[in-house]
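In case you want the letters, here they are:
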Amino acid sequence: MENNRIAIIGAGSMGGAILSGLIAAGTSAGSITASTATTESAKALSDKFAIKSFALDASASANAEAAKDADILLIAVKPAKVLATLEEIKASIKDGALVISVAAGVTTKAMEQAIGSKASVIRAMPNTPSIVGHGVTGIAKGASANDAQMAIAKELFETVGQVLVVEEDKINALSTISGSGPAYVFYFAEKLMTAAKKMGFSEREANLMVRSTLLGSATLLAASSDSPETLRAQVTSPNGTTMQATARFDEANLEKVFIEATEAALARAIELGESK
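Now for a quick tour of the structure.

### A closer look at the pattern of salt bridges
Here is step 1 of the chain: In total, this model carries 11 salt bridges according to the counting rule given.
Here is step 2 of the chain: A salt bridge links glutamate 251 to arginine 248, with the shortest nitrogen-to-oxygen separation between them at 3.4 Å. Here arginine 248 and glutamate 251 lie together in helix α11 (residues 241-251), a separation of 3 residues that amounts to about one turn. Across the pair, exposure class does not vary: glutamate 251 and arginine 248 are exposed alike.

Written as structure tokens, this is what we have:
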């Protein structure tokens, strides 16, 4: 990405996370511009990262101003606004630029139709742990993107975690695992905390136990070459307490529940794409 000018259109939580990762990786603040909704948030970005930022409440052309002269444009607005935003900034996108969207459901074909043939398009699906540098991002190239541009996109998202290069027809499925996956983990944490408090632990104690247990378990899983099944077996003594708990999970057929849940998420992702 060296010598490339980067514009982040819609520098909210995800756009801001990627901005933070770029700066931490040594990208020059002078090579980055950003747009955001309010003057307050634009000032906060400028103060924190020393970048040039534009606010939509100060100028209706803030997105176009941020996009001007950029070699790489990261489109991080809400999915419903992606195509309208691309139409809005189309005149500011220079020939040969690379446009990367992080929006769910918006296909590269739809984006290519919105901007014409002047730029190449890549679709990315990062997840929220990108905010703390431990994200997983799936990337897929559009019809006009080349391998060099995919390498640039991979390098960009590696500043906030791990990257998987996939075919676009797998992006929706990927979103049900790595994209929605953090919500599944947080849901499990929420219910485990409820169980802890039901056993008489205070909010503070339940918080400590659950957060630390999840962090430790995830760290062990990442560090170990053993499968999750093997690690689970190491904790589960025959006829012990853990086995009594996991037996209830098996009775509830959690595997079936997880498969049905991800299938429901995939169906919705497809539906969202068809509505664009």
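Read on, since the account is not over.
### A few points about the sheet that holds strand β4 (residues 72-75)
Here is step 1 of the chain: Strand order in the open sheet formed by 8 strands is β3-β2-β1-β4-β5-β6-β7-β8, and the pairing between neighbours is mixed. If you trace the sheet from one side to the other, it starts and ends with β3 (52-55) and β8 (161-165), each paired once. The sheet shows a mean angle of 20 degrees between the axes of neighbouring strands, direction not considered.
Here is step 2 of the chain: Those strands touched by helix α1 (residues 13-24) are β1 (6-9), β2 (32-36) and β4, and its axis lies near 155 degrees from that of β1.
Here is step 3 of the chain: Contacting β5 (97-101), β6 (119-125) and β7 (135-141), helix α5 (residues 108-115) runs over the sheet at an angle of about 145 degrees to β6.

### Some words on the pairing of β6
Looking down a regular strand, the side chains alternate between one sheet face and the other.
Here is step 1 of the chain: With 7 of 7 residues buried, β6 lies mostly within the body of the structure.
Here is step 2 of the chain: Neither face of β6 is left uncovered, since the one carrying Ala119, Val121, Arg123 and Met125 and the one carrying Ser120, Ile122 and Ala124 both have all their residues buried.
Here is step 3 of the chain: Sheet topology places β5 next to β6; 5 bridges connect them, and they run parallel. Its bridge partner lying in β6, isoleucine 100 is registered against isoleucine 122.
Here is step 4 of the chain: Read as a crossover between parallel neighbours, the route from β5 over α5 to β6 is right-handed.
Here is step 5 of the chain: In this structure, β6 lies alongside β7, joined through 4 bridges in antiparallel fashion. Its bridge partner lying in β7, isoleucine 122 is registered against lysine 141.

Definitions and limits used
- Residues numbered from 1 in each chain as written.
- Predicted model: local features only at pLDDT ≥ 70, side-chain atom pairs only at ≥ 80, totals over all residues.
- Heavy atoms only, no water.
- Salt bridge = Lys/Arg side-chain N within 4 Å of Asp/Glu carboxyl O.
- Helix = DSSP H or I, 4+ residues; strand = E, 2+ residues; numbered from the N terminus.
- Buried < 20%, exposed > 50% of the residue type's maximum accessible area, 1.4 Å probe, protein only.
- Pairing = 2+ DSSP bridges.
- Axes fitted to C-alpha atoms, helices over the stretch in contact; angles between N-to-C directions.
- Contact = heavy atoms within 4.5 Å.
- Right-handed = clockwise from strand over helix to strand, strands pointing away.

Scope: geometric values only; no functional claims are made or implied.
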